[in-house]
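Report on the structure
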Amino acid sequence: MSSATERATAGFLVWRLSMKWRVAVDRAVGPLGLTHAQYALLASLYGMRRSGMRPSQRALADQTGLEPLYVSKLARALEAGGLVARTRDPDDPRAMQLSLTEQGADVTGRAITLVQGLLDQLLEPLGGQGSPRTRQFTRELAILLDAPLDPHAENEKEQS
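Residues numbered from 1 in each chain as written. Predicted model: local features only at pLDDT ≥ 70, side-chain atom pairs only at ≥ 80, totals over all residues. Heavy atoms only, no water.

Topic: a nonpolar patch on the surface
In plain terms, the rule: What goes into a patch is any residue over 30% in relative accessible area without a salt bridge, connected to like charges within 9 Å or, for nonpolar side chains (Val, Leu, Ile, Met, Phe, Trp, Tyr), within 5 Å. Residue burial considers only the protein chains on display, and all accessible areas are found by Shrake-Rupley using a 1.4 Å probe. Whenever a carboxyl oxygen of Asp or Glu lies within 4 Å of a side-chain nitrogen of Lys or Arg, that contact is scored as a salt bridge. Helix and strand assignments follow DSSP, with helices taken as H or I runs no shorter than four residues and strands as E runs no shorter than two, numbered in order from the N terminus. Accessible area is worked out with a 1.4 Å probe on protein chains only. A residue is then buried under 20% of its type maximum, exposed over 50%, and partly exposed in between.
On the surface, Phe12, Leu13, Trp15 and Met19 cluster together to form a nonpolar patch covering roughly 350 Å² of accessible area. Tracing the backbone shows Met19 in helix 2 (residues 10–29). Accessibility expressed as a relative area gives 30% for Met19, which makes it partly exposed.

This is the structure we're talking about:
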């Protein structure tokens, strides 16, 4: 651990790690014409497709943790680039379903390979992707992701 991070808070370290990851993914997928956010959307869509799903933009927003309006904007840009098809959901005419085009599946497959290489590098200090430390780290990250965060909760407690 560097001296700059020895006394850092958990919040600062989470932020720094997320920024480090975002920049690395941006650099890795940039030559494929993608950004980190576009990759997150495409890779999630790829995984959902493999599970037999054809998600709505809202379902993809829930899966990725991105705001629905941002997913809509990303999906439109990816559609313009020929990577994603957007169609009306036959069960809900207000909703748009997303699917990868053939080109989108190809680009996403190549991007996933690149990002998996980055993940190998990131997790090597913990013993690699399959190590007990990495599995524990993953469980702890999942616990944090499941914890509710309400920026107004403290203010409401103080006012009560």
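On we go from here.
So, the environment of Asp146
Looking at the secondary structure, you find Asp146 in helix 7 (residues 132–146). The spatial distance from the C-alpha of Asp146 to the C-alpha of Ala80 is 34 Å, given a sequence separation of 66 residues.

Brief notes about the layout of surface pockets
Heads up, the rule is: Both site types are read off a 1 Å grid over the protein atoms alone. A 1.4 Å probe that fits but cannot get out defines a cavity, while an open set with protein on both sides within 12 Å along at least five of seven lines defines a pocket; lining residues have an atom within 4 Å of a point. Grid points are joined across faces, edges and corners, and a volume is the space filled by probe spheres set on the points.
Within this model, the largest pocket holds a volume of roughly 2,300 Å³. Leu17, Ser18, Trp21, Leu122 and Leu141 are, among the 44 residues lining the largest pocket, the residues nearest its centre. Those elements giving two or more residues to the lining of the largest pocket turn out to be helix 2, helix 3 (36–50), helix 4 (57–64), helix 6 (102–123) and helix 7.

Some points on the environment of Arg94
When you line up the elements, Arg94 lands in strand 2 (residues 92–100). The exposure class of Arg94 is exposed, given its relative accessible area of 72%.

Observations concerning the side chain of Gln38
Position of Gln38 relative to the elements: it lies in helix 3. On the basis of relative accessible area, Gln38 is assigned to the buried category, the value being 13%.

A few points about the packing of helix 4 against helix 5 (residues 68–80)
Stated formally: Throughout, an axis means a line fitted to C-alpha atoms (over the contacting stretch in the case of helices), and angles, computed between N-to-C directions, take values from 0 to 180 degrees. These descriptions rest on fixed angle ranges, namely under 35 degrees for roughly parallel, over 145 for roughly antiparallel, 65 to 115 for roughly perpendicular, and the rest for oblique. A crossing counts as left-handed when the near helix is turned anticlockwise from the far one by less than a right angle, and as right-handed when that turn is clockwise. Contact between two residues is taken to exist if any of their heavy atoms lie within 4.5 Å; hydrogens are not considered. Lys, Arg, Asp and Glu make up the charged group, whereas Ala, Val, Leu, Ile, Met, Phe, Trp, Tyr, Cys and Pro make up the nonpolar group; the residues left over, Gly among them, are polar.
At a minimum axis distance of 9 Å, the contact between helix 4 and helix 5 shows a crossing angle of 115 degrees. Between helix 4 and helix 5, the angle is such that the two are roughly perpendicular. At the point where helix 4 passes helix 5, the crossing takes the right-handed sense. Counting all contacts with helix 4, which are made through Gln57, Arg58, Leu60, Ala61 and Thr64, the residues of helix 5 involved are Pro68, Val71, Ser72 and Ala75. Among the residues forming the contact of helix 4 with helix 5, the class breakdown is 5 nonpolar, 3 polar and 1 charged.

Let's talk about the side chain of Thr108
With respect to the helices and strands, Thr108 occurs in helix 6. Here Thr108 falls in the buried class, since its relative accessible area comes to 1%. Other than its neighbours up to four places away in sequence, Thr108 contacts Leu42, Ala43, Tyr46 and Leu100.

Topic: the packing of aromatic side chains
Here is the rule: Pairing of aromatic side chains here covers Phe, Tyr and the six-membered ring of Trp, requires ring centres within 6.5 Å, and sorts the geometry by plane angle: under 30 degrees stacked, over 60 edge-to-face, intermediate tilted.
Throughout the structure, instances matching the rule amount to 1 aromatic pair. Where Phe12 meets Trp15, the ring centres are 6.1 Å apart and the plane angle is 40 degrees; that geometry is what we call tilted. On the criterion of helical spacing, the pair formed by Phe12 and Trp15 is a turn pair, its members being 3 residues apart in helix 2. Judged by relative accessible area, Phe12 falls into the partly exposed class, the value being 34%.

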